[in-house]
Amino acid sequence: MALTTSIVADLRDPADEPACVLIVDDERHNRELLEIMLKPEGFVLLNAASGEEALALIARQPPDLILLDVMMPGMSGYDVAGKIKSDPATKNIPVIMLTALDDRNARMLGLNAGAEDFLTKPVDRPELSVRVRNLIRIKAYGDRLRSALTALESVNAQLDRNTKEIASTQAIADAATARLARLQKITAALSNTRTQDEVAHSVLREAILALECEAGAVVVGAESGQALTLLHESGTLDSLMRAFRHHQPPKSVGPYAETIETCKPIYLESFEEAVARFPAFENVNKTKSHGAWIFLPLGIAGHAVGALAFGFAGPRKFSVLDRHFADTVSRYCAQALDRVRLRIAAASAIAEAGEARLMAEHANNAKTVFLRAMSHELRTPLNAISGYTEILELGIRGVVNPEQIKDLGRIKRAASYLLRLINDVLTIARFEGARPLDVISIPVNVMLSEVEGLCALQAKAKGLALTVAQCDGEVLVAADAERFQQILLNLITNATKFTLTGGRIDVICDVHENAVRIRVTDTGLGVRPVDIERVFEPFVQIDRHLTSASQQGVGLGLSISRELARAMRGDLTLESTEGVGSVFTLTLPLASEKSADTPAATPTDSANADSPYARALAP
């Protein structure tokens, strides 16, 4: 009898010491990621970078579980698993194989090698934690069971006179083995469930057989504090097991309510014990009720989201194994339900994000239409202002005195500023409307010469030294001629605005791999690190007070330039040091041989109102 008691106590709880998990993967970052996922669980974590290293480590210090990568140089995961399972000293260590191959053949190879489970990369952290804990728990039961059986075999000769006790102990061991098998089946079934009803069905099917009960039920609450609803039932439920349908009086809480509120299980071993604990059921017909019940909380992080109930045909004493098995099943069920709820919530979030994206696209389209219409409408009165200003300035309406000439000059400058603003807005509207670009082969040196001629006077007027260095040899770039010229003009104009008199602006060209890089360097004011990305945002200007009123814009030039560069499969970046200067780098792809055979378009003067650039911005 003492030996039986010792074995039962051995099976009661898993080992108090933390479990040891060995991570085997040839990729260091994969090992580190798995360690980060498992560290909060309190496991002792070991790692190996190859199959050979893993086998040597297992021989010195056998772990409780092995996470084994399939694809490794040298010995593969299948070879390592085969070695582990063929060695009697290590064959009972559970192995979870990690693979990016989510197919039946890969799983069959792993199962033939002896692996207990599979996880597909990238690994889901909650699923990894659940499966690792489950297999470690199963191994703990197996180890204790094997220890008990070994003890039984070693003293068998001395216990001939205690055959009944040995038979009882063996029966306990057999029951534990059978329930371990049921737990494995439940784990396997839950790994493939996609809905809450599938989870409940899988749990009840196996648990009812293992506990030898008559009925089972899984009830859940939609939200905290709301009434419980039946998720799935098996067998015939009596009044006590259907108590979730009724609100009990405050002084007579039902078994479901108590289980969920306390997040603790309730074991009722007879009808009399049930009535004594829950007086509201004293008038229930005993002959139509079960004889014993178990009510288990479905707890997640200390909070019960529902309950799992079992009913037995007659009175029953629940052993330690019964209670432990029932508690384990409820944990498996709660974790699976939580995983399903998270999956449903994620799908809902994705759907909401899709709807939000569609709404944003509709709003963006409406904005584009508005910008186009407003740009067109604004140009009409602006043309009239410019025209009548020129008439007055020419003296057609009469003699104009010097003061009036100054005023007319101010009007013309304001009209010119407004025209640039309208052109920038219209460029954004057309660009966002996905106007196709005319990408051809363009000689970079010709374009640089044209831009230098357009910007030289502006730089000289401000007292700046402008130097444009051409590329070595003939270099062709794949770009839209008008947009290429527009970007360069924007960059040099921007450098002119923010470079003080006496400074310099250098334009340098070089070929890097399959791209051309044109760097516009200035000795201007520079940009703070926190503002580097902001300069590319629409309608953002840094340090507006540092430019004169005639130079100020609305902050669209750089935003348009980067978007145009990216549309031509290039990019526009900024490096800057405050107080030293800035370097804008325009990167565009080299023209292919096919595009190089296409006649290159010669850029025209973008300042000319009849140029293609001006026509592109016209409404």
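The paragraphs below set out a description of the structure included in this document. None of these values were measured; they are calculated from a predicted model.

## Let's talk about the packing of helix α14 (residues 481-497) against helix α15 (residues 557-567)
With their axes 9 Å apart at the nearest point, α14 and α15 run at an angle of 145 degrees to one another. You can see that α14 and α15 cross each other, and the crossing is left-handed. Contact with α14, carried on its side by Arg483, Gln486, Ile487, Asn490, Leu491 and Asn494, involves Gly557, Leu558, Ile560, Ser561, Leu564 and Ala565 of α15 and no other residues of that element.

## Things to note about the packing of aromatic side chains
Counted under the stated rule, the structure contains four aromatic pairs. Ring centres of phenylalanine 536 and phenylalanine 584 lie 6.2 Å apart, and the angle between their planes is 80 degrees; this geometry places the pair in the edge-to-face category. Here phenylalanine 536, found in the loop between β15 (515-522) and α15, pairs with phenylalanine 584, found in strand β17 (residues 581-589); they are 48 residues apart in sequence, far enough to count as distant. Residue class for phenylalanine 536 comes out buried when judged on its relative accessible area of 4%.

## Points about the side chain of aspartate 510
Locating aspartate 510 in the fold gives a position in strand β14 (residues 504-512). Here the side chain of aspartate 510 touches arginine 519 through a polar contact of 2.8 Å, side chain to side chain. In this structure, aspartate 510 is in contact with Cys471, Ala515, Val516, Arg517 and Arg519, ignoring residues within four places of it in sequence.

## Brief notes about helix α9 (residues 255-262)
If you check which residues of α9 are buried, you get Pro255, Tyr256, Thr259 and Ile260. One side of α9 holds all its buried residues, which, seen down the axis, span an arc of 125 degrees. Elements that come into contact with the buried residues of α9 comprise β6 (215-221), β7 (228-234), β8 (266-268), β9 (292-300) and β10 (303-312). Looking one or two residues beyond α9, the residue adopting positive phi is cysteine 263, at roughly 55 degrees.

## Re the nonpolar core
Judged by nonpolar contacts, the single largest core of 43 residues is most densely connected at Val444, Phe484 and Leu586. Broken down by element, this core gets its largest block of residues, eight residues, from α14.

## What about the state of the cysteines?
Taken as a whole and assessed by the stated rule, the structure comprises one disulfide. Two residues, cysteine 471 and cysteine 509, share a disulfide whose sulfurs are 1.5 Å apart. Handedness here is read from the sign of the S-S torsion; for cysteine 471 and cysteine 509, about 50 degrees, the answer is right-handed. Of the two residues, cysteine 471 is situated in the loop between β12 (465-468) and β13 (476-480) and cysteine 509 in strand β14; the sequence distance between them amounts to 38 residues. Like cysteine 471, the residue cysteine 509 is buried in the burial classification.

## Some remarks on the sheet that holds strand β5 (residues 117-120)
With parallel pairing, the five strands of this open sheet are ordered in space as β2-β1-β3-β4-β5. What marks the edges here is a single partner per strand, and that holds for β2 (44-48) and β5. Strand-to-strand twist across the sheet, computed as the mean angle between neighbouring axes with direction ignored, equals 20 degrees. In terms of strand pairing, strand β3 (residues 65-69) meets strand β4 (residues 95-99) through four bridges, oriented parallel. From the neighbouring strand, isoleucine 66 faces β4, where its bridge partner is valine 95. Docked against the sheet, helix α3 (residues 51-60) engages β1 (20-24), β2 and β3, running at close to 140 degrees with respect to β2.

## Examining helix α2 (residues 28-38)
The α-helix winds at 3.6 residues per turn, so residues separated by three or four positions along the chain end up facing the same way. All buried positions along α2 are accounted for by Asn30, Arg31, Leu34, Met37 and Leu38. One side of α2 carries all its buried residues, which in axial view fall inside an arc of 125 degrees. For α2, the exposed residues lying more than 90 degrees away from the buried face are Arg28 and Ile36.

## Points about the pairing of β14
Here β12 pairs with β14 via four bridges, running parallel. Bridging from a neighbouring strand, leucine 466 pairs with isoleucine 505 of β14. Of the pairings in the sheet, the one linking β14 to β15 comprises eight bridges and is antiparallel in character. When the bridges of β15 are listed, valine 511 appears paired with valine 516. Between β14 and β15, which pair antiparallel and follow one another directly, the connecting turn spans two residues, one of which, glutamate 513, has a positive phi of 55 degrees.

## Digging into the packing of α3 against helix α4 (residues 77-86)
α4 packs onto α3 with a crossing angle of 20 degrees between their chain directions and a minimal axis gap of 10 Å. Judged by the inter-axis angle, α3 sits roughly parallel to α4. Where α3 crosses over α4, the handedness of that crossing is right-handed. For the pair formed by α3 and α4, the contact residues are Gly51, Leu55 and Ile58 on the first element and Val80, Lys83 and Ile84 on the second. A breakdown of the residues in the contact of α3 with α4 according to their chemical character gives four nonpolar, one polar and one charged.

## Describing unusual backbone geometry
The omega torsion across lysine 121 and proline 122 is -5 degrees, close enough to zero to call that bond cis. Counting through the fold element by element, proline 122 comes out in the loop between β5 and α6 (125-154).

## Notes on the environment of alanine 59
Position of alanine 59 among the secondary structure elements: in helix α3. Here alanine 59 falls in the exposed class, since its relative accessible area comes to 64%. Along the primary structure alanine 59 and alanine 89 are separated by 30 residues, whereas in three dimensions their C-alpha atoms are 8.8 Å apart.

## Focus: the pattern of salt bridges
Considering all chains together, one arrives at 24 salt bridges under this definition. The partner of lysine 121 in a salt bridge is aspartate 69, and the shortest N-O contact between them spans 3.0 Å. Of this pair, lysine 121 sits in the loop between β5 and α6 while aspartate 69 is found in strand β3, placing the two residues 52 residues apart along the sequence. The exposure class of aspartate 69 is buried, given its relative accessible area of 3%. Residue glutamate 206 pairs with arginine 205 through a salt bridge whose shortest N-O separation is 3.5 Å. Residues participating in the shared-partner salt-bridge network are Asp64, Lys139, Asp143 and Arg146.

## Notes on the sheet that holds β7
What the five strands build is an open sheet, ordered β7-β6-β10-β9-β8; its pairing is antiparallel. Looking at the sheet topology across the chains shown, the edges are occupied by β7 and β8. Going from strand to strand, the sheet's axes swing by 15 degrees on average, the running direction of each strand aside. Note: β6 against β10, six bridges, orientation antiparallel. Looking at the pairing, glycine 216 lines up with phenylalanine 310 of β10.

## A word on the environment of leucine 298
Within the secondary structure, leucine 298 is located in strand β9. In this structure the C-alpha to C-alpha distance between leucine 298 and lysine 264, which are 34 residues apart in sequence, comes to 9.3 Å. Excluding residues that lie within four positions of it along the chain, leucine 298 makes contacts with Val218, Val219, His303, Ala304, Val305, Gly306, Ala307, Leu308, Ser330, Cys333, Ala334 and Leu337.

Conventions used here
Residues numbered from 1 in each chain as written. Predicted model: local features only at pLDDT ≥ 70, side-chain atom pairs only at ≥ 80, totals over all residues. Heavy atoms only, no water. Axes fitted to C-alpha atoms, helices over the stretch in contact; angles between N-to-C directions. Helix = DSSP H or I, 4+ residues; strand = E, 2+ residues; numbered from the N terminus. Left-handed = near helix turned anticlockwise from the far one by under 90°. Contact = heavy atoms within 4.5 Å. Phe/Tyr/Trp six-rings, centres within 6.5 Å; stacked < 30°, edge-to-face > 60°. Buried < 20%, exposed > 50% of the residue type's maximum accessible area, 1.4 Å probe, protein only. Polar contact = N/O pair within 3.5 Å; in protein donor to acceptor, adjacent residues only side chain to side chain. Arc of directions from axis to C-beta. Core = buried A, V, L, I, M, F, W, Y, C linked by side-chain atoms within 4.5 Å. Disulfide = S-S within 2.5 Å. Pairing = 2+ DSSP bridges. Parallel < 35°, antiparallel > 145°, perpendicular 65-115°, else oblique. Nonpolar A, V, L, I, M, F, W, Y, C, P; charged D, E, K, R; others polar. Salt bridge = Lys/Arg side-chain N within 4 Å of Asp/Glu carboxyl O.

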